[in-house]
Amino acid sequence: MDVKSLYTVIPHSDGLRALQHFLDKRTVLDPPTQTIIRLAELVLTLNSFDFNGQHYRQINGVAMGTKMGPSYANLFLGFIEEKIR
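All of these numbers come straight from a predicted model, not from anything done at the bench.

S.K.: Where do I start with the environment of Pro32 in this structure?
M.R.: Note on placement: Pro32 falls in the loop between helix H2 (12-23) and helix H3 (33-45). Residues Pro32 and Tyr56, 24 residues apart in the sequence, show an inter-C-alpha distance of 32 Å.

S.K.: In this structure, what is going on with the pattern of salt bridges? I would like to understand it.
M.R.: Side chains carrying opposite charge are able to pair once their charged atoms draw close together. Scanning the entire structure with this criterion turns up three salt bridges. Between Arg38 and Glu41 there is a salt bridge; the shortest N-O distance is 3.0 Å. Placement of both Arg38 and Glu41 in helix H3 is noted, with a separation of three residues, approximately one turn of the helix. Residue Arg38 is classed as partly exposed on the basis of its relative accessible area of 44%.

S.K.: Hey, could you run me through the nonpolar core in this one?
M.R.: It is characteristic of soluble globular proteins that their nonpolar side chains tend to be buried jointly. Membership of the largest hydrophobic core comes to 15 residues, with the highest contact counts inside it found for Ile10, Leu16, Leu19 and Tyr72. Breaking this core down by element, the ones donating at least two residues are helix H1 (6-9), H2, H3 and helix H4 (69-84). With sequence-adjacent residues up to four places away left out, Ile10 is seen in contact with Gly15, Gly61, Tyr72, Ala73 and Phe76.

S.K.: Is there a simple way to explain the packing of H2 against H4 in this structure?
M.R.: When two helices pack together, their arrangement is given by the angle between the helix axes and the distance between those axes. One can describe the packing of H2 onto H4 by two numbers: an axis separation of 9 Å at closest approach and a directional angle of 80°. Considered as vectors, H2 and H4 are oriented roughly perpendicular to each other. For the pair H2 and H4, the contacting residues are His12, Asp14, Gly15, Leu16, Arg17, Ala18, Leu19, His21 and Phe22 in the first and Tyr72, Leu75, Phe76, Gly78, Phe79 and Glu82 in the second. Split by residue class, the contact of H2 with H4 holds eight nonpolar, four polar and three charged.

What counts, and at which threshold
Residues numbered from 1 in each chain as written. Predicted model: local features only at pLDDT ≥ 70, side-chain atom pairs only at ≥ 80, totals over all residues. Heavy atoms only, no water. Helix = DSSP H or I, 4+ residues; strand = E, 2+ residues; numbered from the N terminus. Salt bridge = Lys/Arg side-chain N within 4 Å of Asp/Glu carboxyl O. Buried < 20%, exposed > 50% of the residue type's maximum accessible area, 1.4 Å probe, protein only. Core = buried A, V, L, I, M, F, W, Y, C linked by side-chain atoms within 4.5 Å. Contact = heavy atoms within 4.5 Å. Axes fitted to C-alpha atoms, helices over the stretch in contact; angles between N-to-C directions. Parallel < 35°, antiparallel > 145°, perpendicular 65-115°, else oblique. Nonpolar A, V, L, I, M, F, W, Y, C, P; charged D, E, K, R; others polar.

Structure below.
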């Protein structure tokens, strides 16, 4: 996996699994983990943009500039690091 271009290559299923892993570790589970996972899924799958006069829908990774992007990418890498230790 290319960490340099990480935002655009995180598979949605793996990223959401990593997010759930860390959300389940919270001491206060409000809002519920499944609510946050669903909201993250909407951010990931409903992203669209214009480029060169064409309209596109991003289908992989998290969009650059999305407020959840840095935290999402960091949690994903943390999840990978936990798995390889």
